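Each chain is listed here by its residues.
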Amino acid sequence: MDGGEGASCAEHASADMSDTMKIPDVSEKYPGKIGEIVLGKGDYIAGGSDGMPLLSFENTCKRRMMIAGEVVDDLTDYPELAASMFNGRQKDPVEWSLMWKSIGADMICLRLKGTDPDKGKTTEYASELVERIADATQLPVIVYGCGIPEVDDNLMKEISNSVKNRRLVLAKADEEGHKTISSAAIAGKHALIAFSNLDLNLAKQMNIVLTDFGVQRSDILMDPLMAPLGMGLDYSYSVNERIRLAALSGDKMLQIPMICDATGAWDVGDAVNDDDADLGDVVNRVTWWETMTAMAAMASGADIVIMRGPGAADMILGYADELRCD
Amino acid sequence: MPTAIEFFKLLPKTNCKDCGQPTCLAFAMLLANQKAKIDDCPHISKDSKDALEESSAPPIRTVVLGKGSEVRMGGETVLHRHERGFINPTAYAVTVSDKENIRNRIETIKKLRFERVGMVFETDMVSVRCDSGDPKVFRDAVVLVMELWEKPFALECCASVLESALSAASSRRPLIYHANTENFDDMVALSKKYSCPLVLRDPNMGSLAGLADKAKAMGVDDIVLDTGAANLKECVEKHTIARRAAIKKRFKQFGYPLMNRVGSGEYAVAIAAVSTMKYGSLVIFDDLKSYEALPLFTLRQNIYTDPQVPIQVKQGLYPIGEPNEHSPIFFTANFSLTYFTVRADIEKSKIPVWLQIVDTEGLSVLTAYSAGKFNPEHVAKALNDSGVLSKSDGIVVIPGLVARMSSKLRELLDREVIIGTTESRDIPKFLKNLKPPR
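Everything numeric here is computed off the predicted structure, so don't read it as measured data.

Chemist: What's the story with the environment of L413(B) in this structure? I'm lost.
Modeler: Residues and elements named next belong to chain B. Tracing the sequence through the fold places L413 in helix α17 (residues 406-413). Classification of L413 as buried rests on a relative accessible area of 11%. Separated by 24 residues in sequence, L413 and L389 place their C-alpha atoms 8.8 Å apart. Ignoring sequence-local partners within four residues, the contact set of L413 consists of A380, L383, L389 and V396.

Chemist: Looking at this structure, how should I read the interface of chain A and chain B?
Modeler: Interface size, as often reported, equals the accessible area lost upon joining of the parts. Listed by partner, the interface residues are 72 residues for chain A and 83 residues for chain B. The tally of links from chain A across to chain B stands at 6 salt bridges. Between E241(A) and K278(B) there is a salt bridge, with its nearest N and O atoms 3.7 Å apart. The tally of links between chain A and chain B comes to 16 residue pairs in polar contact (both at pLDDT 80 or more). Elements with a minimum of two residues in the side of chain A that touches chain B: α7 (233-248), α8 (269-272), α9 (282-300) and α10 (310-323) of chain A. Per-class residue counts for the side of chain A that touches chain B are 35 nonpolar, 15 polar and 22 charged.

Chemist: Help me understand the sheet that holds strand β5 (residues 141-144) of chain A, please; the structure alone is not making it clear to me.
Modeler: Strand-to-strand pairing in sheets goes through backbone hydrogen bonds, with the strands running parallel or antiparallel. Residue and element names in this part refer to chain A. Ordered in space as β8-β7-β6-β5-β4-β3-β10-β9, the 8 strands form an open sheet in which the pairing is parallel. Each edge of the open sheet carries a strand with a single partner, namely β8 (220-223) and β9 (259-261). Each neighbouring strand pair of the sheet contributes to a mean axis angle of 25°, computed without reference to strand direction. Where β9 lies against strand β10 (residues 304-307), 3 bridges are found, and the strand directions are parallel. Residue pairing across strands places I259 opposite I304, the latter belonging to β10.

Chemist: I'm lost on a negative patch on the surface in this one. Help?
Modeler: Residue and element names in this part refer to chain A. A cluster of like negative charges, contributed by D274, D275, D276, D278 and D281, occupies part of the molecular surface. Assignment of secondary structure puts D278 in the loop between α8 and α9. A relative accessible area of 54% means that D278 is categorised as exposed.

Chemist: Before we go on, may I ask you to explain the pairing of strand β12 (residues 280-285) of chain B in this structure?
Modeler: Looking along a regular strand, one sees the side chains alternate between the two faces of the sheet. Residue and element names in this part refer to chain B. Most of β12 is tucked away, with 6 of its 6 residues classed as buried. Two strands pair when backbone bridges link them, and strand β11 (residues 258-261) and β12 are joined in this way by 4 bridges, in the parallel orientation. Bridge assignment links R261 to a residue of β12, and that residue is I284. Where the polypeptide runs from β11 across helix α11 (residues 266-277) and back to β12, its parallel neighbour, the crossover connection is right-handed.

Chemist: Looking at this model, I keep getting lost on the pairing of β5(A). Mind explaining?
Modeler: All names here are of chain A. Across the two faces of β5 the burial is the same, with V141 and V143 and I142 and Y144 all buried. Pairing of strand β4 (residues 107-111) with β5 involves 4 bridges; the strand directions are parallel. Considered in β5, the bridge of I108 is made with V141. You can see the chain leave β4, run along helix α3 (residues 123-137) and come back into β5, and the turn it takes is right-handed. Of the strand pairs in this sheet, β5 and strand β6 (residues 169-173) are connected by 3 bridges, and their pairing is parallel. Bridged to I142 within β6 is V169.

Chemist: Please clarify how a nonpolar patch on the surface should be interpreted in this entry.
Modeler: Together, I5(B), L25(B) and M29(B) make up an exposed nonpolar region whose accessible area comes to about 270 Å². Its location among the elements puts L25(B) in helix α2 (residues 24-32).

Chemist: Please explain the sheet that holds strand β15 (residues 353-358) of chain B as it appears in this structure.
Modeler: Residues and elements named next belong to chain B. The 5 strands are arranged β13-β15-β14-β16-β17 in an open sheet whose pairing can be described as mixed. Lying at the two open borders of the sheet, with one neighbouring strand each, are β13 (316-320) and β17 (417-419). Going from strand to strand, the sheet's axes swing by 30° on average, the running direction of each strand aside. The pairing of β13 with β15 spans 5 bridges and is classified as antiparallel. Directly across from L317, in β15, lies its bridge partner Q356. Sheet contacts for helix α13 (residues 336-349): β13, β14 (329-333) and β15; angle to β13, the most-contacted strand, approximately 30°. Taken strand by strand, α17 contacts β14, β16 (396-398) and β17, and its axis lies near 160° from that of β17.

Chemist: Would you mind going over helix α8 (residues 184-193) of chain B with me for this structure?
Modeler: Every α-helical turn comprises 3.6 residues, leaving residues that sit three or four positions apart pointing alike. All names here are of chain B. The complete set of buried residues in α8 reads F184, M187, V188, L190 and S191. Angularly, the buried residues of α8 cover 160° about the axis, an arc narrow enough to put them on a single face. At its buried positions, α8 is contacted by α7 (159-169), β8 (175-179), β9 (198-201) and α9 (205-217). One or two steps after α8, the chain reaches S195, where phi turns positive at roughly 45°.

Chemist: Just to check I follow, could you spell out the environment of V142(B) for this structure?
Modeler: Residue and element names in this part refer to chain B. Relative to the helices and strands, V142 resides in helix α6 (residues 135-148). On the basis of relative accessibility, which here comes to 0%, the residue V142 falls in the buried class. Residues in contact with V142, not counting those within four places in the same chain, are V128, F153, L155, A165 and A169.

Chemist: How should the confidence of the model for chain B be read in this particular structure?
Modeler: Close inspection of predicted coordinates is inappropriate in any region flagged by low pLDDT. Per-residue confidence for chain B gives a mean pLDDT of 93, with 98% of residues at or over 70. Predicted complex, confidence summary: ipTM 0.94, pTM 0.87.

Chemist: Got a minute to help me understand the packing of aromatic side chains in this structure?
Modeler: By convention here, two paired aromatic rings are described through the distance between centres and the angle between planes. Inspection of every chain in the model, using the stated rule, returns 16 aromatic pairs over all chains. The rings of Y92(B), F114(B), F121(B), F285(B) and F297(B) are connected pair by pair, giving a single aromatic cluster. Across the ring face of Y144(A), the terminal group of R111(A) is positioned such that the distance to the ring centre comes to 4.9 Å. Taking the ring centre of F195(A) as reference, the NZ or CZ of K172(A) above it sits at 4.3 Å.

Criteria and thresholds
- Residues numbered from 1 in each chain as written.
- Chains lettered and ligands numbered in written order.
- Predicted model: local features only at pLDDT ≥ 70, side-chain atom pairs only at ≥ 80, totals over all residues.
- Heavy atoms only, no water.
- Helix = DSSP H or I, 4+ residues; strand = E, 2+ residues; numbered from the N terminus.
- Buried < 20%, exposed > 50% of the residue type's maximum accessible area, 1.4 Å probe, protein only.
- Contact = heavy atoms within 4.5 Å.
- Salt bridge = Lys/Arg side-chain N within 4 Å of Asp/Glu carboxyl O.
- Polar contact = N/O pair within 3.5 Å; in protein donor to acceptor, adjacent residues only side chain to side chain.
- Nonpolar A, V, L, I, M, F, W, Y, C, P; charged D, E, K, R; others polar.
- Pairing = 2+ DSSP bridges.
- Axes fitted to C-alpha atoms, helices over the stretch in contact; angles between N-to-C directions.
- Patch = residues over 30% accessible without salt bridge, like charges linked within 9 Å, V, L, I, M, F, W, Y side chains within 5 Å.
- Areas by Shrake-Rupley, 256 points an atom, 1.4 Å probe, with all protein chains shown as cover.
- Lys, Arg positive; Asp, Glu negative; His and termini not counted.
- Charge placed at Lys NZ, Arg CZ, Asp CG, Glu CD.
- Right-handed = clockwise from strand over helix to strand, strands pointing away.
- Arc of directions from axis to C-beta.
- pLDDT = per-residue confidence, 0-100.
- Phe/Tyr/Trp six-rings, centres within 6.5 Å; stacked < 30°, edge-to-face > 60°.
- Lys NZ or Arg CZ within 6 Å of the ring centre and 35° of its normal.

Spelled out as structure tokens, the structure:
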């Protein structure tokens, strides 16, 4: 970060310019504070901010944003470009999770795509996989189902019953369904993701619905939908900022740690298209696409971000580490 | 913005009606609502006018670079985009050294150009940098750049070498980079003599404010501040401190656009991304690659969209892949998020589709349907107007959320109409199960 002055340009010192001015104090004291959520074996904690993101002069919480590495148990719909970045280790979800750990991920985000009845993986298989990943990595695990509500309800019940002594994050409770997954989370003492669709009021409503149902606030992570770069990121950026500002201003039902999924970056045509040489190298491009999505999430309030590409995860880890409020 | 009473205090209070209003108070109320201009009062004193103009100016001064083709920096009024939106998007500049082949360099920089959702992204500026230390070499370089580059530019040079080039370039209103504690008096003199905007750089915020104060007192109005941020953390924090001080505390010394001078490569792009989100008006790079530029330009587009207007896609036919005369025809609302999502999901299937976007005034499918802006007649007209029905005899797929319009639409179009998915994400599966075109 050089000023860019030509080396041969000799500066001649002029008048002494020691007059400095006092800068007004602009740090805010907010009445509210984001709650904390304990994950894994109690060794990981997210949340706790008492100021706006990235500002060490007002945010006394020295925690950096956590990174969850995405793992899927079925590669059918997983992008080949992403798969090619894991040296074959993506073929075994446990190996893949270990690779995430070596990259520096704080969590694993497991998507059990294979439990789709068309693919036929059983709930027993899924439960066992969750346990194996948790044991092998010793990292907290977020568990998503295949996306079919009835199947996922059953799956979450089963996983909650069989995976004992492990605190998982079950995903996700949303407007369409929250009772079964909430019961499963309560029964197994697991945490829960509360999903809402790009709307502060819906996010708050989900948190109210879940707590009314009996879920503790300290067991909820809220996911207000992180729209990726170029596909609505502006909405997410502002919804997140408004949520965080409202929470710090004292709205208890929004003082819940936020999780953002940056993997949507891989759905953006301009990020992954490989047929236009003018757009530049696709690996670097999609890596930036996901990194900038994650940076926007971090700057607007994310406490945890889910990442797909190892390069992007590595970059955001470095930036998050630098930008923790030390 | 001053209140009506604050305006009233500065008016002559003669009720002369020369402004077209019955009383000075009535005029003051129009001023407060931005429905009249101060100049409409022919009797206002110069002191009052200056005072009014100063208090009604945005907390961040608008600095304009270039002639003809301009870059506008600053003019901002809020700290968060959801409050009212940010005004003048971050500009990106790439460096041209006076020691390199300038024609080739400008050629390369011009190639950094993309089209995205009907918008063109290009490098906004170049920064001509004096590496030779030779006034004549630098002047020649600047003159050549002016011939090849129509858009605004910056001059990066020390005070002792700058003048010859600046005198040749001043009509194009370049940005002078930069004054600091060492060269302050000379740079300020040059900025004033040639009426060109000046960057002040100091890594210490207190002395940066001191420089701004002094430059303003010496008669330089168009100032840009470089906080000398050496890393991401400094960029976020210094920019936030400067912007909050200017907007919330009316600390005038920071009421100017902010900029960063970075190098090239990964970390430079990361700083640019942070600067784009956090109040940066200009980032000068040594170099920028296309795979860095496209995501960065897209980030800027996202951050600087007006949050009060739903972003819309133009009504029209959007072929995805290479659809043929039998390819299926999808249609949906023109809310941009709907369009992007549906488009991405169709692309995922790798099956070519004709996608018709129907003007719903930026509303999403269900909202538009409820508001009566997405009805069968409206859709049929869009499909007829775009000519897609003669381009393909494929089936028409209705968004699952508005399945209710299927029979009416079938009647209006006189062709096979089927109900698609409720969720966009199920489109790939739906398309794969669709029987292949005849």
